[in-house]
Amino acid sequence: MVTDNDMQKIEESRDIMISAIAQTMVIYGVTPSVGRIYGVLYFADKPLNLDEIKNQVAMSKGSVSTGLRDLLDTEMVIKVWKKGDRKDHYIADKDFFKNFFAFFTKMLRQERNITLRAYEQVEGTLKDIAENGDSDEAKETAKGDLEDINQTMTYFDWTLRLANAMESRKIFEYFPKHKGGDCTGQE
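Treat the numbers as computed from the prediction; the structure is a model and nothing was measured.

**Notes on the sheet that holds strand E1 (residues 48–49)**
Strand order in the open sheet formed by 3 strands is E1-E3-E2, and the pairing between neighbours is antiparallel. Edge strands, defined here as strands with exactly one partner in the open sheet, are E1 and strand E2 (77–80). Direction of pairing for E2 relative to strand E3 (residues 89–92): antiparallel, over a ladder of 4 bridges. When the sheet's bridge partners are listed, Val-80 is paired in E3 with His-89. Docked against the sheet, helix H2 (residues 32–43) engages E1, E2 and E3, running at close to 85° with respect to E3. Sitting on the sheet, helix H4 (residues 61–73) touches E2 and E3, and the angle it makes with E2 is about 105°.

**A closer look at a nonpolar patch on the surface**
A cluster of nonpolar side chains, contributed by Ile-27, Tyr-28 and Phe-100, occupies part of the molecular surface with about 320 Å² of accessible area. On the secondary structure map, Phe-100 appears in helix H5 (residues 96–132).

**With respect to the packing of H2 against helix H3 (residues 50–57)**
Packed helices, taken two at a time, are described by the angle between their axes plus the distance between the axes. The contact between H2 and H3 brings their axes to 10 Å, and the two run at 110°. In terms of axis orientation, H2 runs roughly perpendicular to H3. The handedness of the crossing between H2 and H3 is right-handed. Across the interface between the two elements, Arg-36, Ile-37, Val-40 and Leu-41 from H2 touch Ile-53, Gln-56 and Val-57 from H3. Across the contact of H2 with H3, the residue classes break down as 5 nonpolar, 1 polar and 1 charged.

**A short note on the layout of surface pockets**
What the largest pocket holds in volume is close to 340 Å³. Every residue lining the largest pocket is counted, 16 residues in all, and those nearest its centre are Thr-24, Met-25, Tyr-28, Met-76 and Phe-96. Counting only elements with at least two residues in the lining of the largest pocket, the list comes to helix H1 (4–27), H2 and H5. Its residues placed into classes, the lining of the largest pocket shows 13 nonpolar, 3 polar and no charged.

Definitions and cut-offs
- Residues numbered from 1 in each chain as written.
- Predicted model: local features only at pLDDT ≥ 70, side-chain atom pairs only at ≥ 80, totals over all residues.
- Heavy atoms only, no water.
- Pairing = 2+ DSSP bridges.
- Helix = DSSP H or I, 4+ residues; strand = E, 2+ residues; numbered from the N terminus.
- Contact = heavy atoms within 4.5 Å.
- Axes fitted to C-alpha atoms, helices over the stretch in contact; angles between N-to-C directions.
- Patch = residues over 30% accessible without salt bridge, like charges linked within 9 Å, V, L, I, M, F, W, Y side chains within 5 Å.
- Areas by Shrake-Rupley, 256 points an atom, 1.4 Å probe, with all protein chains shown as cover.
- Salt bridge = Lys/Arg side-chain N within 4 Å of Asp/Glu carboxyl O.
- Parallel < 35°, antiparallel > 145°, perpendicular 65-115°, else oblique.
- Left-handed = near helix turned anticlockwise from the far one by under 90°.
- Nonpolar A, V, L, I, M, F, W, Y, C, P; charged D, E, K, R; others polar.
- 1 Å grid on protein atoms, 1.4 Å probe; cavity = no way out; pocket = protein on both sides within 12 Å on 5 of 7 lines; lining within 4 Å.
- Points joined across faces, edges and corners; volume = space filled by probe spheres on them.

What follows is the structure, encoded as C-alpha cells:
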C-alpha cells in the first residue's frame, strides 16, 4: 500500500529530477523553463494539456505555449489527441538517444549550412585574387584563406557523416548502448 508519505517522497524526487533536466537542457541552449516543461511531461502519468502544464510549472500560458512549440520542433514532445477533449495534449518522448540525435543533427546541419553559404559567397573572390591578384602578398593571403577554408570543409564533411550515422543509428555499431548497471555508470 502506498502511503501519503511515500507519494510526497516520490513528488520530491521527481522535483529534483525535473530541476536536473532543466539545468542540463541549459547546456544545450534551452531555457530552464522549457526544461521544466519537458521534465513535467516526462514524469506525467497521462498526456497533459496546456492548462495542466501551466499549473505544474507555474508559468504563464503564453510561455508554456512557446516552450511547447520549441519542444515540438525538436521532437522532444509529441502532441496527442485525447478522445472527448478538444484541447491539445502533450507527452514527452522519453527516448533520450533520439532526442540527443535530433538536437545535434539539427545543430550540425545548421552550422554546416551557414558556413557553406558563406564559402559560396567568398570562394570566387578568393580564387580570383589567388590567381590574378595585384600583389604577391594578396595572392598568398587568398591562397592561405582558401586552404584554411578547405580544412574547415573537411570538418564539415566529417560532421555530416556523424549526423548521418546518428540519424541512421549506425553510430551504435561504434558506440553501443550500455546495458545494465545504473545511471552512475557503475555495474
